[in-house]
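Reading the structure
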Amino acid sequence: MNNARQLLTWSISFILILVFSITAMKSCTRIDAGHEGILVKLYGTDKGVQDVNLVTGRVWFNPFTEEVFQFPTFVQTVDYPAFTVNAKDGSVFTVDPTISFRVSPGESPRIFSKYRKDIELITETTLFNYTRDAFRIQFNKYSTDSIISNRQSFEDKVQIALDNALRKEGFELEQMTSGLQYPDEIVRAVNLKNRAVQQALQVENELKVAEAQARKKIVEAEAEARANELRQRTLTPLLIQQQFIEKWDGKTPLYSNSPTFFKNVQ
C-alpha cells in the first residue's frame, strides 16, 4: 500500500516537474536583432488597447495568458500582384508595383493594437490596399496624354502620397516602382509612330546619300570639262608636230593615198 502511494506521489511529482520544465522553456524567448517584440496579454482585465507592450532582448512571459510577437524593423521588399486602374479619361493602365518599407522604430505596439495581425498579413492586406489607393487617386487626376508625357512626375506624386499614408500607420516607405504598363492601343500607336519616324529617317538618309552622289558626279563632270577645255586651248598644231617628232620611229607615215610627213590636224 505504501509502495503504491510512493509510486503515485513520484509519478505526480515527475509530471509536475515535466510540465513545469516545458512551461519554463516555452515561457522564455529572445527578440532577434532587427526586430521589435510585442508582449500581448490574451486574458484578464487588462485585455484591450493597454495589453500590448514593446519588449527587447530576452523576454519571460506566461504562455497561458500572454503571447510574444516579433515585428521586423529592417527594410522589407514586397512585389504586389498587378492590378488595373482607370485614368481620368477612362483609359485602362496596368500597375505592377513593388515597394520597400520598414516599421518605424517604436511603432510596433500601435500597429499591432490597431490591426491585431502579424506583419506578413498586414503587408498582404493593409499595405496593399494603401498602395492601390495611392495609384487610383493619382490616376483620377491625370489624362492618358499627361501620364505618358509626365510619367516621372506622376510616379513621384504616387510615391509621396503612399509615403504619407504609410507614415500615419507607423510605416516608412523606402522605395517604390510602379511597373506601369500602357494600354494596348497606346502601345500600338507608339509603335506605329516610332516605325514612321524610323522610315522617315531612313528616306532622309537615302536622299542625303543620293544628293551627295549627284554632287560628286557634277563636280567630276565639271572637272573633266575644264580639263578638256584646257587641253583644247593648249593643243596647237606646232605642239602636236613636236610631240609627233618626239615619238617618230624614223619611218614616213602614210596619210591618205600619198606619203605625207605631217597630217593636217586643223
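Sequence order as written defines residue numbering, which begins from 1 separately in each chain. Two thresholds apply to this predicted model, a pLDDT of at least 70 for residue-level local features and 80 or more for giving and counting side-chain atom pairs, whereas whole-chain, interface and lining totals are computed over all residues. Neither water nor hydrogens contribute to the side-chain values; these are computed over all heavy atoms in the structure.

Assigned secondary structure in the chain consists of seven helices and 12 strands. Three exposure classes are used, based on accessible area relative to the maximum for each residue type with a 1.4 Å probe and protein chains only: buried under 20%, partly exposed in between, and exposed over 50%. Within the span of the chain, comprising 266 residues, buried residues form 26% of the whole. Contacts: residue pairs with any heavy atoms within 4.5 Å of one another. Taking as baseline every contact in the chain between residues at least 6 positions apart, the subset at least 24 positions apart corresponds to 67%. Per-residue and other accessible areas follow the Shrake-Rupley method at a 1.4 Å probe size, with only the shown protein chains counted as cover for residues. Here the chain displays about 18300 Å² of accessible surface, and carbon together with sulfur accounts for 55% of that area. Secondary structure elements follow DSSP: runs of H or I no shorter than four residues count as helices, runs of E no shorter than two count as strands, and numbering proceeds from the N terminus.

The next subject is the packing of helix α3 (residues 119-139) against helix α5 (residues 151-168). A packed helix pair is summarised by two numbers, namely the angle formed by the two axes and the spacing between the axes. For the pair α3 and α5, the least separation of the axes is 9 Å and the interaxial angle reads 140°. The angle between α3 and α5 falls in the class oblique. The element α3 and its partner α5 pack so that their crossing is right-handed. Each of Leu127, Tyr130, Thr131, Ala134, Phe135, Gln138 and Phe139 in α3 lies in contact with α5, whose residues at this interface are Phe154, Lys157, Val158, Ala161, Leu162, Ala165 and Leu166. Three classes are used: nonpolar for Ala, Val, Leu, Ile, Met, Phe, Trp, Tyr, Cys and Pro, charged for Asp, Glu, Lys and Arg, and polar for all others, with Gly counted as polar. Across the contact of α3 with α5, the residue classes tally to 11 nonpolar, two polar and one charged. Axis definition: a line fit to C-alpha positions, over the contact stretch in the case of helices; interaxial angles, taken between N-to-C directions, run 0 to 180 degrees. With respect to orientation, any angle under 35 degrees is reported as roughly parallel, any angle over 145 as roughly antiparallel, any angle of 65 to 115 as roughly perpendicular, and every other angle as oblique. Put simply, a crossing is left-handed when the front helix is turned counterclockwise from the back one by less than a right angle, and right-handed when it is turned clockwise.

Attention shifts here to the pattern of salt bridges. The rule for a salt bridge is simple: a side-chain nitrogen of Lys or Arg has to be within 4 Å of a carboxyl oxygen of Asp or Glu. By the definition in use, this model includes seven salt bridges. With a closest N to O distance of 3.7 Å, Asp133 and Arg136 form a salt bridge. Placement of the pair is Asp133 and Arg136 together in helix α3, with a separation of three residues, close to one helical turn. Overall, the relative accessible area of 39% leaves Arg136 in the partly exposed class. The closest approach of N and O atoms between Arg151 and Glu155, which form a salt bridge, is 3.0 Å. Of the two residues, Arg151 and Glu155 both sit in helix α5, four residues apart, roughly one turn of that helix. Three or more residues joined by partner-sharing salt bridges are found here, namely Arg102, Glu172 and Glu174.

A few words on the packing of aromatic side chains. In summary, the pairing rule links any two rings of Phe, Tyr or Trp, Trp by its six-membered ring, whose centres are within 6.5 Å, and it sorts them by plane angle into stacked for under 30 degrees, edge-to-face for over 60 and tilted for everything else. A full pass over the atoms with the stated rule returns nine aromatic pairs. Ring geometry for Phe83 versus Phe128: centroids 5.9 Å apart, planes at 85°, classification edge-to-face. Of this pair, Phe83 sits in strand β7 (residues 83-86) while Phe128 sits in helix α3, and the two are 45 residues apart along the sequence. Looking at Phe83, the relative accessible area reads 10%, which means it is buried.

Another aspect to go through is the sheet that holds strand β6 (residues 76-79). Strands are labelled as partners when DSSP assigns at least two bridges between them. Pairing in this open sheet of three strands is antiparallel, and the strands run β6-β9-β10 from one edge to the other. At either margin of the open sheet sits one strand with a lone partner, and together these are β6 and β10 (171-177). The sheet shows a mean angle of 25° between the axes of neighbouring strands, taken without regard to direction. Relative to β10, strand β9 (residues 98-103) runs antiparallel, the two sharing six bridges. Paired with Val103 across the strands is Phe171, a residue of β10. Here α5 sits on the sheet in contact with β9 and β10, set at roughly 160° to β10.

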